[in-house]
Amino acid sequence: MLLPISMAEPGFTSTLSMNSSQFLTHHSSPLLTTSRPTSQNLYFSQKAHDLKSGFRNPKCSSYFYGVQLDVTGPRTQKCEISLFGCSKISILRDHKLTGTGLRFHHSTNELGAFRGIDLAGSSYEVNPRKSGSILRSSSVLNMDKVVEKEKGGSEDNYYDAIVIGSGIGGLVAATQLAVKGARVLVLEKYVIPGGSSGYYQRNGYTFDVGSSVMFGFSDKGNLNLITQALAAVGCEMPVIPDPTTVHFHLPNNLSVRVHKEYNEFIAELTSKFPYEKEGILKFYSECWKIFNALNSLELKSLEEPIYLFGQFFQKPLECLTLAYYLPQNAGDIARKYIKDPQLLSFIDAECFIVSTVNALQTPMINAGMVLCDRHYGGINYPIGGVGGIAKSLAKGLVDQGSEILYKANVTDIIIDQGKAVGVKISDGRKFFAKTIISNATRWDTFGKLLKGKDLPKEEENFQKAYMKAPSFLSIHMGVKAEVLPPDTDCHHFVLENDWTRLEEPYGSIFLSVPTVLDSSLAPEGHHILHIFTTSSIEDWEGLSSKDYEEKKELVADEIISRLEKKLFPGLRSSIDFKEVGTPKTHRRYLARDKGTYGPMPRGTPKGLLGMPFNTTAIDGLYCVGDSCFPGQGVIAVAFSGVMCAHRVAADIGLEKKSPLLDAALLRTLSWLRTLA
């Protein structure tokens, strides 16, 4: 039975005899004093005739620094204790300190808050929690020097999971695990969370680092994964619905608005291609089959057989639908129904936004998920900016008792006897865990963090089938509000003259104007323009600082000129603030190899068949994010995070698992990837 309480300034120095099976290490320490430290929790474990107490080490939930009550022996030990969960708790009464320990009487009441327990003149209050109840006090026993943590020591930094990077995929995985009861440490290189879904502020403007098109933020269905992730840790964010997902400005003066309302979008598209109405309806109908199947399922790890088989028996038709489309691409489906070359090029542009490749290389499942969710749940912009998502998840993670450490640049994944057991950061500190989850790209994970290790065969196969997608040139601008027409949409895709330039560097332009929805992001009378276009890091290497800056201005000026001509006359003269980032910028701040935003198939893939899941060939090491199934995009990486958390939770005993079925399923999935 575990009785957790906080103790206030008792000033005693007694210990019971040590039970060696209960303690891992011990060391001598100064006497305990009565000065006031920061809040600590004191736990008592009543087992037979032993009564032990310990202060919770905030860096490691599995281990507690203990103070034993007796008259001789070492004063502190590090002991292993676990929290309890039950429907009732024992309420302590009439506590007394004696030379041989605590004497007390207790009675059992229903679990709930209670007050009035007095130790050395201090009052206490129980705060019931999901995994246990902690009695807190404003004054507690001083642990200065007694529990002085060894910087970088492996035992003081042991977790259920360590997550490398705080992108959306990593944060979703971390928070989902924390909610399940795991103790998680997230290590983030930068000073704020979010990665490419982060933010930064300049001159009164709050800029989204990456895309402002937010999927998965609705209040219904099973694919609102951002909403679910926030709710799991007790957070919610107010959002502003976007009536238009994107406004396309395409060759031959083709202009198409993708309205939130599906029927309005179909009406607009068929008005441009009336002779292809039947084909349009059939293609998007296939997209809806995929979306409806996904949206009907509880989304967890496809690498966990108990869940997978359970879903199959509950929803066999939906599972078979997804299996049918798994090896197929959107371009092939579109060509079954559509013949017009320009309409097929429009479908390419639709898919390019999803995956930065054309429809023939875009998995149909990805296309169906995104091209329908924009109508089902819609695009919803979080008030205050996209960066608030990561900030809220990080806060929720900490509220669950886990941790996030900033300015923590992971340089090595530590392998011991073939298993990933910890990480080392750039200042030399080491942290250890049962599992390591890398939110870095697979190229960074296996090429940089696993130094001197041979590339596993399945990673070789992945890199043969996929290469790094290009990075982006990004331009963040603040402009005078009057330069934008009153009916300006929030999101635009611009490719003015030549369809063949769709996938070329600097060919297509993505533009977001988030202040159309949330004016608080900019000073009064101004708007934000976030512009980005694909770019290769090779274009920016080998330049002197002077040449580099000049090239940034030259390329940015050309992009701005195109937007000024196509959308916003007078744009250049309205600029109040401008900052240009290149692939080198993305590599530096986001720690992504060559600034890449995920994998891109080298040829025509077999849908998602070749995409790796979360497990890797290295025991204890998992990957999450855009270089895992199902790929790029906010909703996709959130899905990856949910799947990863479920698989890891099963592996560390927080979810049901079957080792025999696990092995069989993982072998089958590995074999299926070879077919791609």
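Above this text sits the structure in question.
The following paragraphs examine the structure supplied in this document. (Residues numbered from 1 in each chain as written. Predicted model: local features only at pLDDT ≥ 70, side-chain atom pairs only at ≥ 80, totals over all residues. Heavy atoms only, no water.)

## Structural notes on the sheet that holds strand 16 (residues 244-250)
- Read from one edge of the open sheet, seven strands run 17-16-25-26-27-24-28, paired in mixed fashion. Taken across any chain shown, the strands that pair with only one partner, and hence form the sheet edges, are strand 17 (254-259) and strand 28 (575-581). Neighbour-to-neighbour, the strand axes of this sheet turn through a mean angle of 15°, independent of strand direction.
- Both strand 16 and strand 25 (residues 491-494) contribute to a ladder of three bridges, which runs parallel. Residue pairing for strand 25: F248 is matched across the bridge by F493.
- Packing against the sheet, helix 13 (residues 545-566) makes contact with strand 16, strand 24 (471-480), strand 25, strand 26 (509-512), strand 27 (526-535) and strand 28, and its axis sits at approximately 125° to strand 28. (Pairing = 2+ DSSP bridges. Helix = DSSP H or I, 4+ residues; strand = E, 2+ residues; numbered from the N terminus. Axes fitted to C-alpha atoms, helices over the stretch in contact; angles between N-to-C directions. Contact = heavy atoms within 4.5 Å.)

## Concerning the pattern of salt bridges
- In total, this model carries 32 salt bridges according to the counting rule given.
- Note that R183 and E403 form a salt bridge whose closest N and O atoms lie 2.3 Å from each other. Placement of the pair is R183 in the loop between helix 1 (168-179) and strand 12 (184-187) and E403 in strand 19 (residues 403-405), with a sequence separation of 220 residues.
- Judged by its relative accessible area of 4%, R183 falls in the buried class.
- Here the salt bridges do not stand alone but share partners, grouping D444, K448, K468 and D593 into one network. (Salt bridge = Lys/Arg side-chain N within 4 Å of Asp/Glu carboxyl O. Buried < 20%, exposed > 50% of the residue type's maximum accessible area, 1.4 Å probe, protein only.)

## Here we look at the side chain of R562
- Its place among the elements puts R562 in helix 13.
- You can call R562 buried: its relative accessible area is 12%.
- Setting aside its immediate chain neighbours within four residues, R562 contacts V494, E496, R501, Y506, G507 and I509.

## A word on empty space enclosed by the protein
- The full count for this structure, using the stated rule, is two cavities of 30 Å³ or more.
- There is about 180 Å³ of room inside the largest cavity.
- Around the largest cavity sit 17 residues that line it, and S355, P363, N366, P599 and G631 are the ones nearest its centre.
- Sorting elements by how many residues they give to the lining of the largest cavity places strand 29 (residues 599-601) first, with three residues.
- Of the residues in the lining of the largest cavity, the class split is 11 nonpolar, six polar and no charged. (1 Å grid on protein atoms, 1.4 Å probe; cavity = no way out; pocket = protein on both sides within 12 Å on 5 of 7 lines; lining within 4 Å. Points joined across faces, edges and corners; volume = space filled by probe spheres on them. Nonpolar A, V, L, I, M, F, W, Y, C, P; charged D, E, K, R; others polar.)

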